[in-house]
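Analysis of the macromolecular model
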Amino acid sequence: MAKKSQDGQDESPGRLKQIRMVASLVHQANRKALPMVFASAIGTLVVFVVLGLLLGQALLLIPLGVLAAVAVGMIVFGQLAQRTQYSMLEGRPGAAASIVENMRGRWVVTPAVQANRNMDVVHRVVGQPGVILLAEGPGSRVGKLIGAEKKRISRAASEVPIYDIQVGNDEGQVPIGKLQRHLTKLPRNLKKDQVSQLIDRLNALPQAMQMPKGPMPKGARLPKGPRPRTR
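Residues numbered from 1 in each chain as written. Predicted model: local features only at pLDDT ≥ 70, side-chain atom pairs only at ≥ 80, totals over all residues. Heavy atoms only, no water.

For the rest of this paragraph, the subject is the pairing of strand S1 (residues 108–115). Pairing of S1 with strand S2 (residues 121–127) involves 5 bridges; the strand directions are antiparallel. Across the sheet, the residue bridging to Ala115 is Val121, located in S2. Here S1 folds back onto S2 in antiparallel fashion, the turn holding 5 residues, of which Met119 has a positive phi close to 65°. (Pairing = 2+ DSSP bridges. Helix = DSSP H or I, 4+ residues; strand = E, 2+ residues; numbered from the N terminus.)

Shown next, in the form of structure tokens:
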């Protein structure tokens, strides 16, 4: 019992510290965010108080109003924190993979299965919809990367649906802030055991050759493959 109580005391300061940290980031990103949280909570409480006085049920509705105010405030705070996270990740390499890794449900992410020297990348996601290829970069450049990955996994995926999504703010792309909602709207084509089998097949594939990061040094040459033997 003493150990359990000690664990609870350790977790509580940690959670409060995390909430303060998130609140600080939200406040830095948007000075109106925290006032909006308090305004939504106070507004909810006022509604319950007024209803309680008008209906003569103040003893019942005011405590319910306090609970409702806290719940509404936390919901608004959560939404604002999520928007702040998206704004901080936008434009950074790997942002799409980071968003999916923190989604609820089983979404298995393999980051940067295809990449080029311009820091354009394709991440592979496996879930109940099937295989999802998330591309980060201009549409004029990532098309080749998506095509290369589709060709590489086509046999292992067999008849499994393969979706390709370009993440960004260009025409035809999905903004990073709408990616999570976009993925949850995809149809559930596979059962859980089929997802596991698909992951095993894809993991058995040889890794794609990744391009080195940054510009190629002057005078450097690509390694030559082994020469064929002549008889």
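A word on helix H5 (residues 139–157). Maximum bend of H5: about 30°, positioned at Lys151. Taken residue by residue, H5 has Val142, Leu145, Ile146, Glu149, Ile153, Ala156 and Ala157 as its buried positions. Two residues or fewer past H5, Ser158 is found with a positive phi of approximately 45°. (Bend = angle between axes of the 7 residues up to and from the residue. Buried < 20%, exposed > 50% of the residue type's maximum accessible area, 1.4 Å probe, protein only.)

This next bit is on the pattern of salt bridges. Taken as a whole, this structure holds 4 salt bridges when the rule is applied. Salt-bridge contacts for Glu149 lead to Arg152; the nearest nitrogen and oxygen are separated by 3.1 Å. Of this pair, Glu149 and Arg152 both sit in helix H5, 3 residues apart, which is roughly one turn of that helix. Close ionic contact of Lys150 with Asp164 constitutes a salt bridge, the shortest N to O distance being 2.8 Å. (Salt bridge = Lys/Arg side-chain N within 4 Å of Asp/Glu carboxyl O.)

Strand order in this open sheet of 4 strands is S1-S2-S3-S4, and the pairing throughout is mixed. The outermost strands of the open sheet, each flanked by one partner alone, are S1 and strand S4 (162–167). Between one strand axis and the next, the sheet turns through 25° on average, direction left out of account. Each of S1, S2 and strand S3 (130–136) touches helix H7 (residues 192–203); the most contacted strand, S2, lies at about 145° to it. (Axes fitted to C-alpha atoms, helices over the stretch in contact; angles between N-to-C directions. Contact = heavy atoms within 4.5 Å.)

The N-to-C vectors of H5 and H7 enclose an angle of 130°; their axes lie 9 Å apart at closest approach. Of the possible angle classes, the one that applies to H5 and H7 is oblique. The two elements H5 and H7 cross, and the hand of that crossing is right-handed. Where H5 abuts H7, its residues Ile153, Ala156 and Ala157 lie against Leu198, Arg201 and Leu202. Looking at the contact of H5 with H7 residue by residue, the class counts come to 5 nonpolar, no polar and 1 charged. (Parallel < 35°, antiparallel > 145°, perpendicular 65-115°, else oblique. Left-handed = near helix turned anticlockwise from the far one by under 90°. Nonpolar A, V, L, I, M, F, W, Y, C, P; charged D, E, K, R; others polar.)

Residues Phe38, Ile42, Val46, Val47, Val50, Leu51, Leu54 and Leu55 make up a contiguous nonpolar surface patch of roughly 800 Å² in combined accessible area. Relative to the elements of secondary structure, Ile42 occurs in helix H2 (residues 33–55). (Patch = residues over 30% accessible without salt bridge, like charges linked within 9 Å, V, L, I, M, F, W, Y side chains within 5 Å. Areas by Shrake-Rupley, 256 points an atom, 1.4 Å probe, with all protein chains shown as cover.)

Another aspect to go through is the pairing of S3. A large share of S3 lies buried, amounting to 7 of its 7 residues. Sheet topology note: the S2/S3 ladder contains 7 bridges and is antiparallel. Along S3, the bridge assignment pairs Val121 with Glu136. Traced from S3 through H5 to S4, the parallel crossover comes out right-handed. (Right-handed = clockwise from strand over helix to strand, strands pointing away.)

Turning next to unusual backbone geometry. Within the chain, Met119 stands out as a residue other than glycine whose phi angle is a positive 65°. Of note, Met119 is situated in the loop between S1 and S2. Although it is not a glycine, Ser158 adopts a positive phi angle of roughly 45°.

Moving on: the side chain of Glu136. Among the secondary structure elements, Glu136 is positioned in strand S3. The buried category is assigned to Glu136, whose relative accessible area is 10%. A polar side-chain atom of Glu136 sits 2.8 Å from the main-chain amide nitrogen of Ala96. Excluding residues that lie within four positions of it along the chain, Glu136 makes contacts with Arg92, Pro93, Gly94, Ala95, Ala96, Ala97, Met119, Asp120, Val121, His123, Val142 and Val167. (Polar contact = N/O pair within 3.5 Å; in protein donor to acceptor, adjacent residues only side chain to side chain.)

This brings us to the environment of Val174. Along the chain, Val174 falls in the loop between S4 and helix H6 (179–184). Remark: the alpha-carbon pair of Val174 and Leu134, spanning 40 residues in sequence, is separated by 9.9 Å. Excluding residues that lie within four positions of it along the chain, Val174 makes contacts with Ile165, Gln166, Val167, Gly168, Leu179 and His182.

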